Amino acid sequence: MSKLVLSETDAQVLQLMRNADVFTDLENHRITNDEPTGSICFTCADGHQIGDIYTRHSNIYEEEACIHTFGLNGGALLLAPNSPLLPLIFPEGVHAFLIQQIDDAMKMKGINLCAIYTHFPCGAATSARLSIMDQLGLVVSAKTFLKKRFPTLKVPLFVHVHWPYRSGDSEQPPRPSMRRTYYMSGKHAEAWIVANRQLVIDYEADLRKKALASAPPPAERPSSPGVWIGTSVATR
Ligand SMILES: [Zn+2]
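None of the values given here were measured: they were computed from a predicted structure. (Residues numbered from 1 in each chain as written. Predicted model: local features only at pLDDT ≥ 70, side-chain atom pairs only at ≥ 80, totals over all residues.)

Draft legend 1. Just the nonpolar core, in detail. Grouped together as the largest cluster of nonpolar side chains are 51 residues, with contacts concentrated most on Phe42, Ala76, Leu77, Ile116 and Val139. Elements represented by at least two residues in this core include exactly α1 (8-19), β2 (38-44), β4 (114-120), α5 (123-127), α6 (132-149), β5 (157-163), β6 (178-184) and α7 (186-195). The element best represented in this core is α6, accounting for eight residues. Ignoring any residue separated from it by four or fewer positions in sequence, one finds Ile116 in contact with Phe42, Ala76, Leu79, Val139, Ala142, Lys143, Val155 and Leu157. (Core = buried A, V, L, I, M, F, W, Y, C linked by C-beta atoms within 7 Å. Buried ≥ 20, exposed ≤ 12 C-beta atoms within 10 Å, placed from the backbone. Helix = DSSP H or I, 4+ residues; strand = E, 2+ residues; numbered from the N terminus. Contact = placed C-beta atoms within 7 Å.)

Draft legend 2. Examining the pairing of β6 more closely. Pairing analysis gives three bridges linking strand β1 (residues 23-25) to β6, with the strands arranged antiparallel. By the bridge assignment for β6, Thr24 is matched with Tyr183. Two strands pair when backbone bridges link them, and β5 and β6 are joined in this way by seven bridges, in the antiparallel orientation. Residue pairing for β6: Val159 is matched across the bridge by Tyr182. (Pairing = 2+ DSSP bridges.)

Draft legend 3. Local environment of unusual backbone geometry. Residues Phe120 and Pro121 are joined by a peptide bond in cis, for which omega reads -5 degrees. Within the secondary structure, Pro121 is located in the loop between β4 and α5. One non-glycine residue, Asp21, adopts positive backbone phi at about 65 degrees. Checked against the element boundaries, Asp21 lands in the loop between α1 and β1. With a phi close to 60 degrees, Arg129 is a non-glycine residue in the positive phi region. With respect to the element layout, Arg129 can be found in the loop between α5 and α6.

Now the structure itself:
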(Lines give C-alpha, C1' and ligand atoms only; values in the text may rest on other atoms or scores of the structure.)
Protein backbone atom coordinates (compact mmCIF):
# COMPACT_ATOMS: atom_id res chain seq x y z
CA MET A 1 0.00 0.00 0.00
CA SER A 2 1.28 3.46 -0.81
CA LYS A 3 1.79 6.06 1.86
CA LEU A 4 -1.51 7.17 3.39
CA VAL A 5 -2.33 10.80 4.14
CA LEU A 6 -4.54 11.61 7.12
CA SER A 7 -7.85 13.10 5.98
CA GLU A 8 -8.69 16.67 6.93
CA THR A 9 -11.70 15.48 8.97
CA ASP A 10 -9.64 12.93 10.92
CA ALA A 11 -6.93 15.53 11.52
CA GLN A 12 -9.53 17.94 12.92
CA VAL A 13 -11.02 15.33 15.29
CA LEU A 14 -7.57 14.20 16.47
CA GLN A 15 -6.59 17.85 16.99
CA LEU A 16 -9.66 18.37 19.22
CA MET A 17 -8.68 15.31 21.28
CA ARG A 18 -5.09 16.58 21.47
CA ASN A 19 -6.31 20.02 22.65
CA ALA A 20 -8.42 18.29 25.33
CA ASP A 21 -5.32 16.39 26.59
CA VAL A 22 -6.74 13.00 25.59
CA PHE A 23 -3.28 12.61 24.02
CA THR A 24 -0.38 13.94 26.07
CA ASP A 25 3.31 14.41 25.32
CA LEU A 26 5.41 11.29 25.45
CA GLU A 27 7.92 12.90 27.82
CA ASN A 28 5.20 13.20 30.47
CA HIS A 29 4.81 9.43 30.69
CA ARG A 30 7.53 8.24 33.05
CA ILE A 31 7.79 4.79 31.56
CA THR A 32 11.45 4.43 32.56
CA ASN A 33 10.60 4.59 36.24
CA ASP A 34 7.71 2.17 35.75
CA GLU A 35 9.73 -0.49 34.01
CA PRO A 36 13.42 0.29 33.39
CA THR A 37 14.20 -3.14 31.85
CA GLY A 38 12.42 -2.41 28.59
CA SER A 39 9.18 -2.89 26.71
CA ILE A 40 7.40 -5.33 24.55
CA CYS A 41 6.37 -2.87 21.85
CA PHE A 42 3.29 -3.93 19.88
CA THR A 43 2.79 -1.70 16.86
CA CYS A 44 1.62 -1.64 13.25
CA ALA A 45 4.15 -2.83 10.69
CA ASP A 46 3.53 0.26 8.49
CA GLY A 47 6.91 0.73 6.81
CA HIS A 48 6.42 4.49 6.54
CA GLN A 49 5.84 4.90 10.29
CA ILE A 50 7.44 2.06 12.26
CA GLY A 51 10.92 3.60 12.12
CA ASP A 52 9.70 6.79 13.77
CA ILE A 53 7.57 4.86 16.29
CA TYR A 54 10.52 2.63 17.28
CA THR A 55 13.00 5.53 17.51
CA ARG A 56 10.73 7.66 19.69
CA HIS A 57 9.81 4.71 21.90
CA SER A 58 13.52 3.86 22.38
CA ASN A 59 14.20 7.50 23.29
CA ILE A 60 11.83 7.25 26.27
CA TYR A 61 14.55 5.31 28.03
CA GLU A 62 17.57 7.18 29.39
CA GLU A 63 19.67 3.99 29.54
CA GLU A 64 19.87 1.23 26.94
CA ALA A 65 16.72 -0.87 27.24
CA CYS A 66 15.33 -3.93 25.49
CA ILE A 67 12.63 -2.85 23.00
CA HIS A 68 11.15 -6.18 21.96
CA THR A 69 9.06 -5.14 18.97
CA PHE A 70 6.15 -6.86 17.24
CA GLY A 71 5.19 -5.15 13.99
CA LEU A 72 2.04 -6.54 12.37
CA ASN A 73 -0.53 -4.92 10.08
CA GLY A 74 -2.93 -3.08 12.39
CA GLY A 75 -0.67 -3.34 15.46
CA ALA A 76 -2.47 -3.28 18.81
CA LEU A 77 -5.83 -3.35 17.03
CA LEU A 78 -5.16 -7.10 16.64
CA LEU A 79 -4.92 -7.59 20.42
CA ALA A 80 -8.58 -6.77 21.04
CA PRO A 81 -10.43 -10.10 21.14
CA ASN A 82 -13.35 -8.48 19.30
CA SER A 83 -11.18 -6.93 16.58
CA PRO A 84 -12.70 -6.96 13.08
CA LEU A 85 -9.14 -7.08 11.75
CA LEU A 86 -8.63 -10.66 12.94
CA PRO A 87 -9.25 -13.15 10.16
CA LEU A 88 -12.80 -14.41 10.33
CA ILE A 89 -11.96 -18.08 9.78
CA PHE A 90 -9.82 -18.74 12.85
CA PRO A 91 -10.32 -15.71 15.09
CA GLU A 92 -9.60 -17.50 18.36
CA GLY A 93 -6.54 -19.26 16.96
CA VAL A 94 -4.93 -16.09 15.59
CA HIS A 95 -5.63 -14.07 18.74
CA ALA A 96 -4.35 -16.87 20.99
CA PHE A 97 -1.17 -17.01 18.86
CA LEU A 98 -0.53 -13.27 19.33
CA ILE A 99 -1.09 -13.47 23.08
CA GLN A 100 1.26 -16.47 23.28
CA GLN A 101 3.93 -14.42 21.48
CA ILE A 102 3.67 -11.77 24.21
CA ASP A 103 3.73 -14.42 26.94
CA ASP A 104 6.89 -15.96 25.43
CA ALA A 105 8.59 -12.56 25.12
CA MET A 106 7.79 -11.72 28.77
CA LYS A 107 9.41 -14.97 29.89
CA MET A 108 12.38 -14.88 27.48
CA LYS A 109 13.33 -11.27 28.18
CA GLY A 110 12.06 -10.78 31.73
CA ILE A 111 9.94 -7.84 30.56
CA ASN A 112 6.78 -6.83 32.40
CA LEU A 113 5.56 -3.92 30.28
CA CYS A 114 3.74 -4.11 26.95
CA ALA A 115 3.41 -0.75 25.18
CA ILE A 116 0.59 -1.00 22.67
CA TYR A 117 0.34 1.38 19.73
CA THR A 118 -2.25 2.40 17.24
CA HIS A 119 -1.54 5.00 14.58
CA PHE A 120 -3.28 7.44 12.26
CA PRO A 121 -3.68 7.01 9.38
CA CYS A 122 -3.46 3.18 9.46
CA GLY A 123 -3.95 1.27 6.21
CA ALA A 124 -5.29 -1.86 7.96
CA ALA A 125 -7.80 0.23 9.93
CA THR A 126 -8.78 2.17 6.82
CA SER A 127 -9.37 -1.08 4.90
CA ALA A 128 -11.69 -2.28 7.67
CA ARG A 129 -13.38 1.18 7.70
CA LEU A 130 -12.63 1.82 11.35
CA SER A 131 -13.28 5.31 12.69
CA ILE A 132 -10.92 7.05 15.13
CA MET A 133 -13.27 6.00 17.93
CA ASP A 134 -13.27 2.38 16.71
CA GLN A 135 -9.46 2.35 16.76
CA LEU A 136 -9.20 3.90 20.22
CA GLY A 137 -11.94 1.61 21.55
CA LEU A 138 -10.10 -1.44 20.23
CA VAL A 139 -6.80 -0.57 21.91
CA VAL A 140 -8.66 0.04 25.19
CA SER A 141 -10.27 -3.38 24.71
CA ALA A 142 -6.82 -4.86 23.98
CA LYS A 143 -5.45 -3.34 27.20
CA THR A 144 -8.38 -4.70 29.22
CA PHE A 145 -7.80 -8.16 27.78
CA LEU A 146 -4.03 -8.12 28.43
CA LYS A 147 -4.49 -6.87 32.03
CA LYS A 148 -6.93 -9.71 32.69
CA ARG A 149 -4.68 -12.33 31.05
CA PHE A 150 -1.46 -11.02 32.69
CA PRO A 151 -2.52 -9.27 35.93
CA THR A 152 0.97 -7.89 36.75
CA LEU A 153 1.71 -6.66 33.20
CA LYS A 154 1.81 -2.88 32.71
CA VAL A 155 0.05 -1.87 29.48
CA PRO A 156 0.42 1.83 28.55
CA LEU A 157 -1.42 3.01 25.42
CA PHE A 158 0.32 5.08 22.75
CA VAL A 159 -0.99 6.88 19.70
CA HIS A 160 1.21 7.85 16.73
CA VAL A 161 -0.12 10.55 14.41
CA HIS A 162 1.34 11.55 11.06
CA TRP A 163 -0.12 15.04 10.86
CA PRO A 164 -0.60 15.98 7.21
CA TYR A 165 -0.18 19.75 7.12
CA ARG A 166 -1.19 21.18 10.45
CA SER A 167 0.63 21.21 13.75
CA GLY A 168 -0.52 18.73 16.35
CA ASP A 169 0.84 21.04 19.02
CA SER A 170 -0.90 24.39 19.20
CA GLU A 171 2.10 26.13 20.76
CA GLN A 172 4.28 25.34 17.76
CA PRO A 173 4.06 26.94 14.31
CA PRO A 174 2.36 24.80 11.65
CA ARG A 175 4.68 22.65 9.56
CA PRO A 176 3.94 20.89 6.27
CA SER A 177 3.98 17.40 7.81
CA MET A 178 5.14 15.89 11.05
CA ARG A 179 5.00 12.73 13.11
CA ARG A 180 4.23 12.65 16.81
CA THR A 181 3.81 9.93 19.43
CA TYR A 182 1.44 10.55 22.36
CA TYR A 183 0.53 8.70 25.51
CA MET A 184 -3.23 8.11 25.75
CA SER A 185 -5.46 7.71 28.76
CA GLY A 186 -8.35 5.36 27.97
CA LYS A 187 -10.49 7.03 30.65
CA HIS A 188 -9.86 10.51 29.17
CA ALA A 189 -10.64 9.24 25.68
CA GLU A 190 -13.92 7.73 26.84
CA ALA A 191 -14.87 10.91 28.72
CA TRP A 192 -14.06 13.01 25.63
CA ILE A 193 -16.23 10.80 23.41
CA VAL A 194 -19.15 10.92 25.86
CA ALA A 195 -18.82 14.71 26.24
CA ASN A 196 -18.64 15.19 22.46
CA ARG A 197 -21.38 12.74 21.55
CA GLN A 198 -22.97 14.83 18.78
CA LEU A 199 -19.61 15.56 17.15
CA VAL A 200 -18.82 11.82 17.21
CA ILE A 201 -22.21 10.94 15.70
CA ASP A 202 -21.78 13.52 12.92
CA TYR A 203 -18.17 12.45 12.25
CA GLU A 204 -19.05 8.75 12.00
CA ALA A 205 -22.13 9.44 9.86
CA ASP A 206 -19.90 11.45 7.50
CA LEU A 207 -17.39 8.55 7.34
CA ARG A 208 -20.14 6.07 6.46
CA LYS A 209 -21.50 8.39 3.79
CA LYS A 210 -18.06 8.79 2.20
CA ALA A 211 -17.42 5.02 2.39
CA LEU A 212 -20.72 4.23 0.68
CA ALA A 213 -19.98 6.78 -2.01
CA SER A 214 -16.47 5.48 -2.71
CA ALA A 215 -16.72 1.67 -2.69
CA PRO A 216 -18.97 -1.31 -1.97
CA PRO A 217 -18.91 -2.52 1.65
CA PRO A 218 -16.37 -5.21 2.68
CA ALA A 219 -17.58 -8.80 2.18
CA GLU A 220 -18.20 -9.83 5.78
CA ARG A 221 -17.62 -6.97 8.14
CA PRO A 222 -18.21 -8.15 11.73
CA SER A 223 -20.37 -6.05 13.99
CA SER A 224 -18.87 -2.80 15.32
CA PRO A 225 -16.47 -3.23 18.26
CA GLY A 226 -18.85 -1.35 20.57
CA VAL A 227 -16.36 -1.00 23.38
CA TRP A 228 -17.64 2.17 24.99
CA ILE A 229 -21.22 2.05 26.21
CA GLY A 230 -23.06 5.33 25.85
CA THR A 231 -21.42 6.44 22.63
CA SER A 232 -22.43 5.97 19.04
CA VAL A 233 -19.62 3.42 18.78
CA ALA A 234 -21.62 1.11 21.01
CA THR A 235 -25.00 1.69 19.46
CA ARG A 236 -24.63 1.62 15.72
ZN1 LIG B 1 -1.06 0.73 10.21
